[in-house]
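Spelled out from the first residue to the last, the chains are:
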Amino acid sequence: MSTPAPGRHAAPDQGLGGPFTSLRYALRLLEAVDRHPDGATLVALARETSLGLPTVRRLAELLEIEGYLQCQDGGWVLGGTFALLGQHNREQLVKARLNRKLAELRDELGAAVYFSRYHDGELSVEAVSAADHAPAVQEWVDFRATAHASAIGKCLLGQLDADALRDHLSRHPVARLTSRTVTDTDQLMHRLERQPATVPVLDLQEYALGTVCAAVPITAGSTVGCLATSMPVDNLHKLKAAAELLAARAAPLMLAMAV
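Below or above, wherever it landed, is the structure these notes cover.

Reading the values: rules and limits
Residues numbered from 1 in each chain as written. Predicted model: local features only at pLDDT ≥ 70, side-chain atom pairs only at ≥ 80, totals over all residues. Heavy atoms only, no water. Patch = residues over 30% accessible without salt bridge, like charges linked within 9 Å, V, L, I, M, F, W, Y side chains within 5 Å. Areas by Shrake-Rupley, 256 points an atom, 1.4 Å probe, with all protein chains shown as cover. Salt bridge = Lys/Arg side-chain N within 4 Å of Asp/Glu carboxyl O. Helix = DSSP H or I, 4+ residues; strand = E, 2+ residues; numbered from the N terminus. Phe/Tyr/Trp six-rings, centres within 6.5 Å; stacked < 30°, edge-to-face > 60°. Buried < 20%, exposed > 50% of the residue type's maximum accessible area, 1.4 Å probe, protein only. Core = buried A, V, L, I, M, F, W, Y, C linked by side-chain atoms within 4.5 Å. Contact = heavy atoms within 4.5 Å. Pairing = 2+ DSSP bridges. Axes fitted to C-alpha atoms, helices over the stretch in contact; angles between N-to-C directions. Expected span 1.5 Å × (residues − 1). Arc of directions from axis to C-beta.

## Points about a nonpolar patch on the surface
Moving on, step 1. Taken together, the side chains of Leu202, Leu204 and Leu236 make up a nonpolar region of the molecular surface, amounting to roughly 220 Å² of accessible area.
Moving on, step 2. Within the element layout of this structure, Leu236 appears in the loop between β7 (225–232) and α8 (239–257).

Here it is in structure tokens:
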């Protein structure tokens, strides 16, 4: 079983101080709303939570979209999503929300987006949102065996502790896929260990010639996951901005999955 390495999950969230901070603020806001079954104004909630009014407003709007809050006669109350918690359709609800978020992000980026996880010792691409104008990368070699070369794989491997990382590489030895692929295990491990948690992981034609990718870590509960995008190498000049947008969308995606 994979073990997340301490301090390897955080990603920037513009305006709210990081996904974990955003999530804590959102939970604090939900707890405050729950104390007011007849509804509470944003001003009252800001005062009660000691959060700034702009932060409370932004979180309330996000939670309203996800169905956790609703505004009635100027007061905010808990939304209908809470009635679904623990029911048999939980998995379908999470999947539908995830697919919707990924489709929105795909259209915003104009590029394919991916949500992937690492569990039971393997990489798994859980969801892909692609379109004619935003094609997905062709899986010409199994993603599970080439984590050392892809942005998704390196982002996930970088969240493991040293033992779990060595275990993975012992089962999936590094192999050269392109002239840019890192094939030295020690060098790869050194790069992963030195990768800052707040800096997107890149794949500049390491997995496939003609394709560049970026990935950022994303965590929901015990999930070791990442959010990623891919685009033709001709769009390399857009990759930095795309990676920054991925990081900014990490916290909302966490909230969408936290049901």
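## Some thoughts on the packing of aromatic side chains
Moving on, step 1. On inspection of all chains with the given rule, the structure shows two aromatic pairs.
Moving on, step 2. Taken together, a centroid distance of 6.3 Å and an interplanar angle of 55 degrees make the contact between Trp140 and Tyr207 tilted. With Trp140 in the loop between β4 (122–129) and α5 (151–157) and Tyr207 in the loop between β5 (201–204) and β6 (211–218), this residue pair connects regions lying 67 residues apart in the sequence.
Moving on, step 3. For the pair Phe143 and Tyr207, a centre-to-centre distance of 5.2 Å together with 45 degrees between the ring planes defines the contact as tilted. You can see Phe143 sitting in the loop between β4 and α5 and its partner Tyr207 sitting in the loop between β5 and β6, a full 64 residues away along the chain. Accessibility assignment for this pair places Phe143 and Tyr207 in one class, buried.
Moving on, step 4. Members of the aromatic cluster, joined through ring pairs, are Trp140, Phe143 and Tyr207.

## A short note on the nonpolar core
Moving on, step 1. With 31 residues, the main nonpolar core has Tyr118, Leu123, Ile152, Leu156, Leu157 and Tyr207 as its most contacted residues.
Moving on, step 2. Secondary-structure elements contributing two or more residues to this core are β3 (112–119), α5, α6 (162–171), α7 (185–194), β6 and β7.
Moving on, step 3. If one sorts the elements of this core by residue count, α5 sits on top with five residues.
Moving on, step 4. Excluding residues within four positions of it along the chain, Leu123 makes contact with Arg117, Tyr118, Phe143, Arg144, Ala147, Ile152, Gly153 and Leu156.
Moving on, step 5. Counting residues in each nonpolar core, the second largest holds 22 residues, with Leu109, Ala111, Val216 and Ala242 among its members.

## Structural notes on the environment of Ala127
Moving on, step 1. Structurally, Ala127 can be placed in strand β4.
Moving on, step 2. If we ignore the near neighbours within four places in the chain, the residues touching Ala127 are Leu98, Asn99, Leu102, Val113, Tyr114 and Phe115.

## Section: the pairing of strand β1 (residues 69–72)
Moving on, step 1. As judged from the four bridges shared by β1 and strand β2 (residues 75–78), these two strands associate in the antiparallel manner. The residue of β2 that forms the bridge with Gln72 is Gly75.
Moving on, step 2. In sequence, β1 turns back onto β2 through a hairpin of two residues, with Asp73 there showing a positive phi of about 55 degrees.

## Overview of the sheet that holds β4
Moving on, step 1. Taken in spatial order, the five strands of this open sheet run β4-β3-β7-β6-β5, and their pairing is antiparallel. Each edge of the open sheet is held by one strand with a lone partner, namely β4 and β5. For this sheet, the mean angle separating the axes of adjacent strands, direction not counted, is 25 degrees.
Moving on, step 2. When β6 meets β7, the two strands line up antiparallel, connected through eight bridges.

## Observations regarding helix α3 (residues 53–65)
Moving on, step 1. An ideal rise of 1.5 Å per residue puts 18 Å on 13 residues; α3 measures up with 18 Å between its terminal C-alpha atoms.
Moving on, step 2. Those residues of α3 that fall on the buried side of the exposure criterion are Thr55, Val56, Leu59, Ala60, Leu62 and Leu63. Down the axis of α3, the smallest arc covering the buried residues is 165 degrees, so these residues share one side. Of the exposed residues in α3, those oriented more than 90 degrees away from the buried face are Pro54 and Ile65.

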